[in-house]
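Each chain is listed here by its residues.
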Amino acid sequence: MSRTLEPLVYRHLFANDSDQILLTRMVYLDRQEHLQKMCRSLVPDITHPPNITNDKNMFDHLLVDEKHRLLYCYVPKVACTNWKRVFMILTGLVNTSDPLKIPASVAHRKDIITRLSNYSSTEIENILQSFTKFLFVRHPFERLLSAYHNKLEQHYQSSKYFQSRFGRLIIKHYRQNPSNESLTRGDDVTFKEFAAYLTGQKEIVFNEHWKPIYDLCHPCTISYDIIGKYETLDQDSEFILKQVGETGISFPHAPKSSSTTSNLRKYFGTLHHDIIRQLYDVYEMDFKLFGYNLEEFLGYETG
């Protein structure tokens, strides 16, 4: 596994011997070492470095900031809207230092920020070797529930595509005696039906909002220098911006809901244990690579 040559974040850290910085450094090193240990255990035959000629599409979720030599793998439902906004500021695409002044619809335009897949194979190899690479992760079931809530359960304007594309399909195949209205609108999918859809077929059609992080960011092939977590989003985001010298950009603070655990238990409580186990199998790599478990949310462990 190739590491970034003198990653920016560690150059700064080694130059500062304060207790707080050293403690922060250990958190990121622990996350990185856990990931590498699990990769060696779970996928010992994986190719390093990646076969760029054959697998160029694997870099489609990696956003490039040449000015600050940053590479960010965005994961939907893990604060990617705000990080895309920040990247637009970092790369000089907008004339503001306030991320919230950038409409979400603009930040999510596929052509707005340069992706690593846009570069040549030689350029990709150089960037992977020399840029500081980071991603943000989240408890797999919390991320899955957020995707369901935002894209299938709620009646947002942005949800209509997902309800039409996936909701109608799920209702057709996983609901007994569906009404014509439900088959037409697809906007009343239950979490139980969504779980059945994800576990009831050999070839799952993964939209990026519920696709495993392992398949989006390839963390056992690409050696990430910083693994941020949704649980420490504010601290990790501030840390990254500070390391690249952009203290004038304030990462938007999102209020954390105190009902996360109760919501997980509420929705997952509608599922049979066998379905929960099958969902765990779908996201097993994300659980193991990033140090998550079920016990803290559901009161028992599996896997």
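This text goes with the structure placed above it.
This one's a predicted model, so the numbers in the text were calculated from it and none came from an experiment.

As a further point, take the sheet that holds strand 1 (residues 62–65). As summarised here, the arrangement of the four strands in space is 1-2-3-4, forming an open sheet in which the pairing is mixed. Strand pairing shows two members of the sheet lacking a second neighbour, strand 1 and strand 4 (226–229), which therefore form its edges. If you compare each strand with its neighbour and ignore which way they point, the axes differ by 25° on average. Sheet topology places strand 1 next to strand 2 (residues 70–73); four bridges connect them, and they run antiparallel. Considered in strand 2, the bridge of Val64 is made with Leu71.

If a residue is not glycine, its phi is most likely negative; likewise, a peptide bond is most likely trans. The phi angle at Ala79 is positive, at roughly 60°, despite the residue not being glycine. Looking at where Ala79 falls in the secondary structure, it is placed in the loop between strand 2 and helix 3 (80–90). Overall, the relative accessible area of 16% leaves Ala79 in the buried class. Positioned with a positive phi, Asn177 is a non-glycine residue whose angle comes to about 50°. Overall, Asn177 belongs to the exposed group, its relative accessible area being 75%.

Because side chains alternate across strand 2, one face comprises the buried residues Leu70 and Tyr72, and the other comprises Leu71 and Cys73, equally buried. Counted between consecutive antiparallel strands, the loop separating strand 1 from strand 2 contains four residues, among which Arg69 sits at a positive phi close to 55°. Of the strand pairs in this sheet, strand 2 and strand 3 (residues 132–137) are connected by four bridges, and their pairing is parallel. The residue of strand 3 that forms the bridge with Leu71 is Lys133.

Parameters at a glance
Residues numbered from 1 in each chain as written. Predicted model: local features only at pLDDT ≥ 70, side-chain atom pairs only at ≥ 80, totals over all residues. Heavy atoms only, no water. Pairing = 2+ DSSP bridges. Helix = DSSP H or I, 4+ residues; strand = E, 2+ residues; numbered from the N terminus. Axes fitted to C-alpha atoms, helices over the stretch in contact; angles between N-to-C directions. Buried < 20%, exposed > 50% of the residue type's maximum accessible area, 1.4 Å probe, protein only.

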